[in-house]
Amino acid sequence: SRGSERGAKSTKTNMAPRITYKRRHAYNTRSNKIVKKRLPGGSLGIAYVKKTTKGAQTPAGDAGRIHGVPRVATQKYSRKHMSKNKKSVTRAYGGVLSAGAVRERIVRAFLVEEQKIVKKVLKLQAAKEGK
């Protein structure tokens with residue numbers, strides 16, 4: 001009888017246990033994402049996943065994120081949910097502009113000043129040659 005068992009295919013399949021949503025909304029949309037969790041009794045359950053946000057961003061000119069400021073929903077930035085020191089970074093314009101935007105502003109200001117100095121020097125040279 002052993003020979004016949006080897007040739008026969010097993011009818012038992014290992015299907016994943018089915019799970020159902022806990023809430024009334026039954027579609028797999030952005031606001032209804034779930035994660036399968038193994039419960040203490042060994043059964044399979046679900047946990048709803050919160051939506052991820054874009055987080056703190058710089059104003060329109062630069063599309064960078066502000067590093068060091070947590071990515072939470074807008075209402076969580078209120079004084080009630082988050083202290084002031086968690087909403088900013090210790091540098092100039094910390095928590096308002098990204099590091100790249102601050103660097104860009106500093107470089108631009110430096111180059112503008114350099115341009116002014118060069119103009120002044122050229123004007124003096126032209127005045128000397130004119131005499």
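The rules behind these values
Residues numbered from 1 in each chain as written. Predicted model: local features only at pLDDT ≥ 70, side-chain atom pairs only at ≥ 80, totals over all residues. Heavy atoms only, no water. Core = buried A, V, L, I, M, F, W, Y, C linked by side-chain atoms within 4.5 Å. Buried < 20%, exposed > 50% of the residue type's maximum accessible area, 1.4 Å probe, protein only. Contact = heavy atoms within 4.5 Å. Phe/Tyr/Trp six-rings, centres within 6.5 Å; stacked < 30°, edge-to-face > 60°. Lys NZ or Arg CZ within 6 Å of the ring centre and 35° of its normal. 1 Å grid on protein atoms, 1.4 Å probe; cavity = no way out; pocket = protein on both sides within 12 Å on 5 of 7 lines; lining within 4 Å. Points joined across faces, edges and corners; volume = space filled by probe spheres on them. Nonpolar A, V, L, I, M, F, W, Y, C, P; charged D, E, K, R; others polar. Helix = DSSP H or I, 4+ residues; strand = E, 2+ residues; numbered from the N terminus. Polar contact = N/O pair within 3.5 Å; in protein donor to acceptor, adjacent residues only side chain to side chain. Salt bridge = Lys/Arg side-chain N within 4 Å of Asp/Glu carboxyl O.

Engineer: How should I be thinking about the nonpolar core in this particular structure?
Structural biologist: Grouped burial of nonpolar side chains is what soluble globular proteins tend to show. One finds Ala56, Ile66, Val69, Tyr77 and Met82 forming the largest nonpolar core, which totals five residues. The residues touching Val69, leaving out its near neighbours within four places in the chain, are Ala56, Tyr77, Lys86, Lys87, Ser88, Val89 and Gly95.

Engineer: Looking at this model, I keep getting lost on the packing of aromatic side chains. Mind explaining?
Structural biologist: Working definition: an aromatic ring pair is given by the centre-to-centre distance plus the angle between the planes. For the structure on display, the rule yields zero aromatic pairs. The ring centre of Tyr48 lies 3.8 Å from the NZ or CZ of Arg23, which sits over that ring. It is Arg105 that lies over the ring of Tyr93; its NZ or CZ is 5.1 Å from the centre.

Engineer: Is there a simple way to think about the layout of surface pockets in this case?
Structural biologist: The probe, sized like a water molecule, is rolled over the atoms to show the empty space still left. In this model, the largest pocket occupies a volume close to 220 Å³. In this structure, the largest pocket is lined by Arg30, Ser31, Val49, Lys50, Lys51, Thr52, Thr53, Arg71, Val72, Ala73, Gln75 and Lys76. Residues of the lining of the largest pocket, tallied by class, amount to three nonpolar, four polar and five charged.

Engineer: Mind showing me how you'd approach the side chain of Asn32 here?
Structural biologist: Among the structural elements, Asn32 can be located in the loop between α1 (2-7) and β1 (34-38). The class of Asn32 is buried, set by a relative accessible area of 2%. Within polar-contact distance, the side chain of Asn32 engages the backbone oxygen of His25 at 2.8 Å. Of note is the side chain of Asn32, whose polar atom sits 3.0 Å from the backbone oxygen of Tyr27. Apart from the residues lying within four places of it in its own chain, the contact partners of Asn32 are Tyr21, His25, Ala26, Tyr27 and Tyr48.

Engineer: Teacher, can you tell me more about the pattern of salt bridges here?
Structural biologist: For side chains bearing opposite charge, pairing can occur when the charged atoms are close. Taken as a whole, this structure holds two salt bridges when the rule is applied. Between Glu104 and Arg108 there is a salt bridge, and its shortest N-O distance comes to 3.2 Å. Taken together, the positions of Glu104 and Arg108, both in helix α2 (residues 99-130) and four residues apart, correspond to about one turn of that helix. Residue classification places Glu104 among the partly exposed residues on the basis of a relative accessible area of 47%. A salt bridge links Glu113 to Lys116, with the shortest nitrogen-to-oxygen separation between them at 3.6 Å. Placement of the pair is Glu113 and Lys116 together in helix α2, with a separation of three residues, close to one helical turn.

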